Amino acid sequence: MFMHWFRSSRAVAGHVMTKEDVIKAILKKIDSKQDRAFTLAMDELKNDALIDIKEDGVTLVLTEKGADLL
């Protein structure tokens, strides 16, 4: 979900997926049953150092490692 959005945006390291982007691209397309998967996906990308999560808990920043995988 997240990496697809970055890829389709032709993102480079440091590219930001804002809270509004997350809502439009991801949250509006999932139901309550998928909410846990959403959280796990964010955590996995963060733990793999592909993204950084800003203080608001929703805004995502693509890392150099993440950009290399695109």
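Presented here is a report on the structure given in the accompanying data block. Everything numeric in this text was worked out from a predicted model, so none of it was measured. (Residues numbered from 1 in each chain as written. Predicted model: local features only at pLDDT ≥ 70, side-chain atom pairs only at ≥ 80, totals over all residues. Heavy atoms only, no water.)

1. A word on the overall build of the chain
For the chain, the count of helices and strands is 4 helices and 3 strands. By the compact-globule yardstick of 11 Å for 70 residues, the chain fits well, its C-alpha radius of gyration being 11 Å. If one aligns the C-alpha atoms of the chain with their principal axes, the spans along those axes are about 30 × 20 × 20 Å. For the chain, with 70 residues in total, the buried portion stands at 31%. The contacts in the chain between residues at least 6 apart in sequence include a share of 50% that link residues at least 24 apart. For the chain, the exposed surface amounts to about 4,700 Å²; the carbon and sulfur share of it is 50%. Each charge class in the chain can be summarised by its mean position, and for the 11 positive and 12 negative side chains these summaries are 6 Å apart. (Helix = DSSP H or I, 4+ residues; strand = E, 2+ residues; numbered from the N terminus. Rg over C-alpha atoms; globule rule 2.2 N^0.38 Å. Buried < 20%, exposed > 50% of the residue type's maximum accessible area, 1.4 Å probe, protein only. Contact = heavy atoms within 4.5 Å. Areas by Shrake-Rupley, 256 points an atom, 1.4 Å probe, with all protein chains shown as cover. Lys, Arg positive; Asp, Glu negative; His and termini not counted. Charge placed at Lys NZ, Arg CZ, Asp CG, Glu CD.)

2. A word on the side chain of Thr 59
Here Thr 59 shows up in the loop between β2 (51-53) and β3 (60-62). You can call Thr 59 buried: its relative accessible area is 12%. Looking at Thr 59, its side chain comes within polar contact range of the side chain of Asp 56, at 2.6 Å. The contacts of Thr 59, once residues within four sequence positions are left out, are Val 16, Met 17, Thr 18, Lys 19, Asp 52, Ile 53 and Lys 54. (Polar contact = N/O pair within 3.5 Å; in protein donor to acceptor, adjacent residues only side chain to side chain.)

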